[in-house]
Amino acid sequence: MSGVAVLVLAGGSGTRFGAERNKVYLPLAGRTVLSWSLNTFAALTEPPVLVLVARAGDRELVAGVLAREVAGAPVEVVHGGASRQDSELCGLRHLAPRIRLGEIDTVLIHDGARPLVSARMVGAVVDAARSHGGAVPGLRRTGMVRVSPDGRRLLGAAPDGLVAVQTPQAFAAGPLLAAYEQAELAGFSGTDTASCVRHFTDVAVHCVPGDEHNFKITYARDLRVAEAVLAHRPR
């Protein structure tokens, strides 16, 4: 992982989950949700530069997680912005001096609410990004339908070939940083990292096979599913 940096985003909330605090700090199998992905990255044979992008108001929660639950590599902490894209830009600007010096050539952006990311997937997106310029993990979906913007009417079958995109998403560091700086100047807000890269660069974004276990913790039931998956993982 020489030359690789990972931005782990932890700026969400517990609104849809129904929690009073950011869901990434909720317990999962004896640890916080956030600590699982951080430890996966920190435990890689050659750990990347690991940056946690968190809300300023969560600084005490962050300090507790890093002190008690994460080992293997140092974690740099950056305060994020008002939106996901703003937070990504904050993280990229933190890395910018090292990107410009060539010390970091590939950046991964991962959602801290996806605790079950595997080392295999990390390796796959890094390899693909270095070969193509960008990479996202995705799962093909079938049997989907289109709905009206208000969600009240079915509009027929969705096109074939739809893919549910996951994280971590990986990109060549220089073009990624430039794309986000241009997006801010243009007032552009993308749906994810890849959409911003596609809009402002000619970088080819390659899709690698996703993982059904790499789901996002969105509702309370997702925690129970994640606990069941972890219970059957090899120790």
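Residues numbered from 1 in each chain as written. Predicted model: local features only at pLDDT ≥ 70, side-chain atom pairs only at ≥ 80, totals over all residues. Heavy atoms only, no water.

### Thoughts on the nonpolar core
In this structure, V8, Y25, L34, F41, L50, L52 and L108 are the most contacted members of the largest nonpolar core, which totals 31 residues. Looking at this core, the elements with two or more residues in it are β1 (4-10), α1 (33-42), β4 (49-54), α2 (59-68) and α4 (119-132). In terms of residues, this core owes the most to one element, α4, which gives six residues. Membership of the second largest hydrophobic core comes to 27 residues, among which are L89, I99, A179 and C196. (Core = buried A, V, L, I, M, F, W, Y, C linked by side-chain atoms within 4.5 Å. Buried < 20%, exposed > 50% of the residue type's maximum accessible area, 1.4 Å probe, protein only. Helix = DSSP H or I, 4+ residues; strand = E, 2+ residues; numbered from the N terminus.)

### Points about the pattern of salt bridges
This model, assessed by the stated rule, comprises nine salt bridges. Among the salt bridges present, the one from R84 reaches E88, with a minimum N-O distance of 3.7 Å. Placement of both R84 and E88 in helix α3 (residues 84-100) is noted, with a separation of four residues, approximately one turn of the helix. Judged by its relative accessible area of 34%, R84 falls in the partly exposed class. Residue R141 is joined to E212 by a salt bridge in which the shortest nitrogen-to-oxygen separation is 3.4 Å. Here R141 is found in the loop between β7 (133-140) and β8 (145-147), whereas its partner E212 is found in the loop between β12 (204-209) and α7 (220-231), with 71 residues between them in sequence. A single network of salt bridges, built from pairs that share partners, joins R84, E88, D111 and K216. (Salt bridge = Lys/Arg side-chain N within 4 Å of Asp/Glu carboxyl O.)

### Some points on the packing of α3 against helix α5 (residues 173-186)
Between α3 and α5, whose axes approach to 9 Å, the crossing angle comes to 135°. Between α3 and α5, the interaxial angle falls into the category oblique. Here the hand of the crossing between α3 and α5 comes out left-handed. The residues of α5 that touch α3, namely those facing Q85, E88, L89, L92, R93, A96, I99 and R100, are A173, G174, L176, L177, Y180, E181, A183 and E184. (Axes fitted to C-alpha atoms, helices over the stretch in contact; angles between N-to-C directions. Parallel < 35°, antiparallel > 145°, perpendicular 65-115°, else oblique. Left-handed = near helix turned anticlockwise from the far one by under 90°. Contact = heavy atoms within 4.5 Å.)

### Brief notes about the side chain of T106
When you line up the elements, T106 lands in strand β6 (residues 106-111). Judged by relative accessible area, T106 falls into the buried class, the value being 2%. A polar atom in the side chain of T106 sits 2.6 Å from the side chain of D105. In this view, T106 contacts G3, V4, A5, A129, R130, A170, F171 and A173; residues no more than four positions away in its chain are not counted. (Polar contact = N/O pair within 3.5 Å; in protein donor to acceptor, adjacent residues only side chain to side chain.)

### Notes on the packing of α5 against helix α6 (residues 193-200)
Their axes nearest at 9 Å, the elements α5 and α6 cross at an angle of 85°. Between α5 and α6, the angle falls in the class roughly perpendicular. Each of L176, A179, Y180, Q182, A183 and A186 in α5 lies in contact with α6, whose residues at this interface are T193, C196, V197 and F200.

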